[in-house]
Amino acid sequence: MSAVVQECLSCRSLLFPTRLFCPVCGEDSFSTVAAEHGTVEQTTNLSNGTVLATLSLNGGLRLIARLTGSEAKPGQSVPLTNDPKAESGVNAYIPIHSNLNEDQP
Ligand SMILES: [Zn+2]
């Protein structure tokens with residue numbers, strides 16, 4: 001299980017959500033990489049029961065994900081997924097953008 005994020009081909013920065021150009025180096029060539037796990041930094045419980053988490057990935061990227069399965073504590077490593085129906089334990093779901101690979105066949 002993993003989630004897809006954008007990687008700058010020039011400086012290797014990881015980006016999410018997708019960008020038209022890299023905010024670090026200004027280049028506009030990207031690939032995608034599969035990110036396996038993120039570390040929970042902080043969680044927020046919404047009134048409807050949804051749990052959101054700020055996650056940090058290796059490489060410095062931070063992103064907001066929805067936790068599925070159950071709650072996680074800060075410092076815990078959780079698997080990432082683009083599948084909103086992922087089951088079996090705690091997962092961090094991040095939506096995939098339809099234009100993520102717009103330059104690739
Ligand atoms: Zn870059």
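These remarks concern the structure in this document. (Residues numbered from 1 in each chain as written. Predicted model: local features only at pLDDT ≥ 70, side-chain atom pairs only at ≥ 80, totals over all residues. Heavy atoms only, no water.)

### A closer look at the overall build of the protein chain
Under the convention used in this document: Elements are defined by DSSP. Helices are runs of H or I of four residues or more, strands are runs of E of two residues or more, and each kind is numbered from the N terminus. For a compact globule the rule gives 2.2 Å times the number of residues to the power 0.38, and the radius of gyration it is set against comes from C-alpha atoms. Exposure categories follow from relative accessible area, calculated using a 1.4 Å probe and restricted to protein chains: below 20% of the type maximum is buried, above 50% is exposed, and the middle band is partly exposed. The contact definition used throughout considers only heavy atoms, calling two residues in contact when any of these lie within 4.5 Å. A 1.4 Å probe and the Shrake-Rupley method give the accessible areas. Residues count as covered only by the protein chains that appear here.
Counting secondary structure elements, the protein chain contains zero helices and eight strands. N-terminal to C-terminal, the α/β element order of the protein chain is β-β-β-β-β-β-β-β. Here the C-alpha radius of gyration of the protein chain, 14 Å, is about what a compact globule of 105 residues would show, namely 13 Å. Once the C-alpha set of the protein chain is aligned to its principal axes, its extents read approximately 40 × 25 × 25 Å. Across the 105 residues of the protein chain, 35% fall into the buried class. By sequence separation, contacts in the protein chain at least 24 residues apart represent 44% of the contacts at least 6 residues apart. A total accessible area of about 6,200 Å² is found for the protein chain, and carbon and sulfur atoms account for 48% of it.

### With respect to the coordination of the zinc ion
In a perfect tetrahedron of four donors around a metal, the angles come out at 109.5 degrees. In a perfect octahedron of six, they are 90 or 180 degrees. Heads up, the condition is: Excluding water, the donors of a metal are its N, O and S neighbours within 2.8 Å, or within 3.2 Å for Na, K and Ca, and that exclusion means sites may look incomplete. The geometry test gives tetrahedral to four donors whose angles all lie between 85 and 135 degrees, gives square planar to four donors and octahedral to six donors whose opposite members are over 155 degrees apart with all other angles between 65 and 115, and gives irregular to the rest.
Of the protein atoms, only C8 (SG), C11 (SG), C22 (SG) and C25 (SG) coordinate the zinc ion, at distances of 2.3 to 2.4 Å. Seen from the zinc ion, its four donor atoms lie at angles of 101 to 116 degrees, and the figure they make is tetrahedral. In primary sequence terms, the donor set of the zinc ion follows C-x2-C-x10-C-x2-C. With C8 in strand β1 (residues 3-8) and C22 in the loop between β2 (14-15) and β3 (30-35), this pair connects stretches of sequence that are 14 residues apart. Taking relative accessible area as the criterion, C22 reaches 1% and is therefore assigned buried.

### Points about the nonpolar core
Just so we agree on the cut-off: Buried residues of nine kinds, namely Ala, Val, Leu, Ile, Met, Phe, Trp, Tyr and Cys, make up a nonpolar core once their side-chain atoms join them within 4.5 Å.
If you look at the biggest cluster of nonpolar residues, it comprises 20 residues, and the most contacted ones within it are V5, L55 and L63. When residues of this core are traced back to their parent elements, those giving at least two are β1, β5 (51-56), β6 (62-68) and β7 (77-81). When near neighbours in sequence (up to four residues on either side) are disregarded, L55 contacts G38, T39, V40, L61, R62, L63, A65, V78, L80 and A92.

### Overview of the side chain of S13
Its location among the elements puts S13 in the loop between β1 and β2. Residue classification places S13 among the buried residues on the basis of a relative accessible area of 16%.

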